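These are the residues of each chain, in order.
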Amino acid sequence: MILWLWLCWGFSTSAGQPDSELMARYLEEKLLADYSIMEQVARRVPRQAKFLQRLETRPRMSEFTVKSTIISRYAFTTVSCTMVNSGSEAREGVFEMQIPAAAFISNFTMSIGNKTYYGEVTGKEKKDSSDDKARHKKPPSPTDGRENGYETFKASVFIPRKMQAKFLLHYEELLQRRLGKYEYTVSIRPQQLVGRLRVEVNILENSGIVSLEVPPLRNSKHKGNGKVEGDVSPPPSTVVGHTKTLAKVTFNPSVVEQTRIARNGILGDFIIRYDVNRELSVGDVQILNGYFVHYFAPTDLPPLPKNVVFVLDSSASMVGTKLKQTKEALFTILQDLRPEDHFNIIGFSNRIKVWQQDRLVPVTPNNIRDAKKYIHNMSPTGGTNINGALQTGAKLLNDYIAQNDIDARTVSLIIFLTDGRPTVGETQSSKILSNTKDAIRDKFCLFTIGIGNDVDQKLLERMALENCGMTRHFQEDEDAASHLKGFYDEIGTPLLSDIRVDYPEDNVEQVTQNFFPNYFNGSEIIIAGKLINRTSDSLHVEVTASNSKKYILLKTDVAIDLPSRNDIRGVPGLEDGKGDKNYIERAWSYLTIKELLNSRLKSDDNQEKDYLAEKAKSMALTYNFVTPFTVLKMKEAGLHSEPPQEEFISPSTDGIGEKLQSLQGHKAPPGIHRRQDKQRIKISKTSADGDPHFVIDFPSSKFSVCFNIDGEPGDILRLVSDHKESGVTVNGRLIGAPAPPNGHKKHRTYFSTITILSNKPERSYIEITPKRIILDDGERLLLSCDRSAVVRSSSLEVSISANSNITVTIRNTISFVILIHHYKKPAPYQRDHLGFYISNSKGLSSDSHGLLGQFLNHEVKLLQESLNTSHQQVGQNQTEVLKPNPTNTLKVKGRLVPVVWKQRRIYNGQQEVDCWFAKNNADKLIDGSYKDYLASHPFDTGTSFGTISSL
């Protein structure tokens, strides 16, 4: 009878998918039954299932839950697993979880029957006891994960008959930004079908969540999990919901759905990718309870030119798939090089072969074609001379930099790939490290890639760390071509070099790394620290960097919030006291420990290594992190202890947007003292501001002249025109608004855009609006008006004082100041607009023109028309006498212009100007008429005054 059942079951399972689905549905019902041993609920099941139950010797997993909360890139994850032993004897239950290698375990608890055990993080002794070896995090080892990016946590216990065991694992990590996205990954590999399987991830990003995506489950050995190529739909039963700042993602597959994915319970990696809103500014600075974290990832920057040397292993061990995939990746990478880049290729085995001797070549179609031929003809042979290859590559790049006087604002780098250990030449790792460091001399960065299990990954990791680079490791059975291309994409677009982030020394301490050689597109720079002065109202932040031909200075003052502003306690969903954790403080501790570990890895001094290890261990004990210098030891909690409860951070989506205000850095509120980071700007009265009101100052005549231009919305006025001589043109676009009640005008007009063009020594333009600035000198740069910044090139400087003004300086001889007028509660006749002021006109020629430019190098005489009609020239000492007389006259280029006395307020009303006012759209005051000053478009540099200038 038993044999017959076995044959029937074997036949039905091989007969097709429908029968397996029926079995899965039954298992779902069976597994969802109440497993409480105390209740002893009886349930009739088919004989077939009872037979399968007897065959099953391991405990059943009744529940597997992952709950995670990500607050400003910092992720808290709790994994809960319940196993039931329904057998008649004790059985071993194994809880196994793959976690990201970059994560730190922060807690582990397990309950077996009526006994509870909790994990205690203790310092690791030199000779570590192996009593709890199975219960703490093991050292890194190659796993089923990609890029060797996971470590396996494993706990093994014996579960008494008719009892259950519950495991709770907590770990934390700071998400890294790659290729423009943060990626959060959870390994779903329970190794059996689970009755209740659920993943819940809550994301809170107050700067705004963008590009949220949940791709299909990922399993590196079964890429795509049988799905058609190009399928990017989320896994079955996934629900995604989000607002501007909050997102909630759940994955809750039934047993039937689990069976369709993987019958062995190895579902794969559940992945969430997203990014946040950002701009070119000082970045996102968050402060809470004496700690700060600073995220810097500017966008809309032009790429820096790069000088790159590819050093590729062509030894015999690369034969087959590894070399083939390397060639495929290099073909694509070469195609992605930019015209301004320079490159060379070195192949090495026991011999070193350089494609182009003693030089780097520019990126041209012919050079790319020849490089592909060279790579195609590479054949695997010989041993592995790692030291010789790196020495050759470093010398090649050093010589090129020295001989060609390479601009400091380019990025030079070596990309090194190997699949083995050194076997030829210098084979001692310490010597290779010191030789490489001496050869590079901090002049460029080294990026290393290891393929397979035979590679010395620690050597590659340390070489990259010591030379400002990064490292990646791929398994042999993975798609190396796509991984290589992905790694190159991370570093292939450098946007900034020599980035330095500074804070006042008397305000901060224990700041993590704040100098970075390069910033690559799609990545992110993160700095954290402690505040010294808790009574200060704000934290001053300055970021300096180089971008191509520009020097950039970004600065701002970030308000140090009152304790309640960034505090997340009391928010619905933050349960069991987890909200008490200061996520910013824990991000700081996470970064600090990581830097201590890296510093120890790079150090050759044993005393220094011991000091760094002790410091890392002390901090890990303070924050309960399992690190290479701490271990997790299990202790019994006592006979009457409660079983472990799930503790996790789970922000509610109800009303949290209002409760959590300003998690990102923001300006100091009114009344808080702000550091004066802008210099006092010296400007002349010569300006066009408001409706628009024009003022021209004549210092030698000691008086000013003013006039109005009643333009139409959409008109573009030529303010300064000196394109032929100094190469400078300034145009202003008008925007309309209704006229005030009882006014004499039909509408008002303001400047909405100021465009400054310069064609000497090279063509460039700056387009300014009340919200943003576009600077384009062959490379487009976007800046925000609400952040202080300085951008400087050889002939141009743009200085932004946040929400106040922009100063544009050309060749140090021409300066314009543009005021920003913002209305918090504008009336119907008000619009955000700009004011244009000339600060320095020395560099403009005597032939400059435009509504303002025509007066910069000409004098105007003031006359009084007496009763007997004789003309009398008036000086400054007679001005007061002339005020009441309506018949005062200006003499401008032989033209007589009647004027009246007026007072004007300029520069945001801070300065009052007495001026002689010319009516009727400055009739006879300006050359020609108002319409002669209309430009056809913002970039129009033409002039129509060649025949009028003699009038």
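For the structure itself, consult the block above.
Residues numbered from 1 in each chain as written. Predicted model: local features only at pLDDT ≥ 70, side-chain atom pairs only at ≥ 80, totals over all residues. Heavy atoms only, no water.

**What about the nonpolar core?**
Inference 1: Among the nonpolar cores identified, the biggest contains 82 residues, and Ile-499, Phe-694, Phe-707, Phe-816, Phe-836, Leu-890 and Leu-925 are the most heavily contacted of them.
Inference 2: Setting aside its immediate chain neighbours within four residues, Ile-499 contacts Phe-296, Asn-514, Phe-515, Phe-516, Pro-517, Asn-518, Tyr-519, Ile-525, Val-543, Thr-544 and Ala-545.
Inference 3: With 51 residues, the next largest nonpolar core counts Tyr-117, Ile-188, Leu-212 and Ile-272 among its residues. (Core = buried A, V, L, I, M, F, W, Y, C linked by side-chain atoms within 4.5 Å. Buried < 20%, exposed > 50% of the residue type's maximum accessible area, 1.4 Å probe, protein only. Contact = heavy atoms within 4.5 Å.)

**What to know about the pairing of strand β15 (residues 284-288)**
Inference 1: Extensive coverage of β15 is indicated by the burial of five of its five residues.
Inference 2: Side-chain alternation along β15 places Asp-284, Gln-286 and Leu-288 on one buried face and Val-285 and Ile-287 on a second face that is also buried.
Inference 3: Between the end of β15 and the start of strand β16 (residues 291-296), which pair antiparallel, lie two residues, with Asn-289 showing a positive phi angle near 50°. (Helix = DSSP H or I, 4+ residues; strand = E, 2+ residues; numbered from the N terminus. Pairing = 2+ DSSP bridges.)

**Some thoughts on the sheet that holds β16**
Inference 1: The sheet built from four strands is open, its strands ordered β15-β16-β27-β25 with antiparallel pairing. Taken across any chain shown, the strands that pair with only one partner, and hence form the sheet edges, are β15 and β25 (508-509).
Inference 2: Pairing geometry for β15 and β16, over five bridges, is antiparallel. Looking at the pairing, Val-285 lines up with His-294 of β16.

**Quick notes on the pairing of strand β27 (residues 525-531)**
Inference 1: β27 sits mainly inside the fold: seven of its seven residues count as buried.
Inference 2: Taken together, the six bridges between β16 and β27 define a ladder with antiparallel strand orientation. The residue of β27 that forms the bridge with Phe-292 is Gly-529.
Inference 3: As judged from the two bridges shared by β25 and β27, these two strands associate in the antiparallel manner. Looking at β27, one finds that Val-508 is bridged to Leu-531.

**What to know about the sheet that holds strand β30 (residues 630-636)**
Inference 1: Read from one edge of the open sheet, nine strands run β12-β13-β10-β1-β2-β7-β4-β5-β30, paired in mixed fashion. Two strands close off the open sheet at either side, each with one partner strand: β12 (238-242) and β30. Each adjacent strand pair in this sheet contributes to an overall mean axis angle of 15°, direction not counted.
Inference 2: Where strand β1 (residues 60-71) and strand β10 (residues 196-204) come together, nine bridges link them in parallel fashion. Bridging across to β10, Thr-65 finds its partner in Arg-198. (Axes fitted to C-alpha atoms, helices over the stretch in contact; angles between N-to-C directions.)

**Topic: the packing of helix α7 (residues 386-403) against helix α8 (residues 429-440)**
Any two packed helices are characterised by how steeply their axes cross, that is the angle between the axes, and by the distance between the axes.
Inference 1: Axis separation between α7 and α8 bottoms out at 9 Å; the angle between their running directions is 5°. In terms of axis orientation, α7 runs roughly parallel to α8. Residues Ile-386, Asn-387, Leu-390, Gln-391, Ala-394 and Asn-398 of α7 form the contact with α8, whose own contacting residues are Ile-432, Asn-435, Thr-436, Ala-439 and Ile-440. (Parallel < 35°, antiparallel > 145°, perpendicular 65-115°, else oblique.)

**Focus on the pattern of salt bridges**
Inference 1: Scanning the model with the defined rule gives 34 salt bridges in all.
Inference 2: Each of Arg-73, Arg-177, Glu-205, Asp-275, Arg-278, Asp-284 and Glu-524 takes part in salt bridges that share partners, so that together they form one network. (Salt bridge = Lys/Arg side-chain N within 4 Å of Asp/Glu carboxyl O.)

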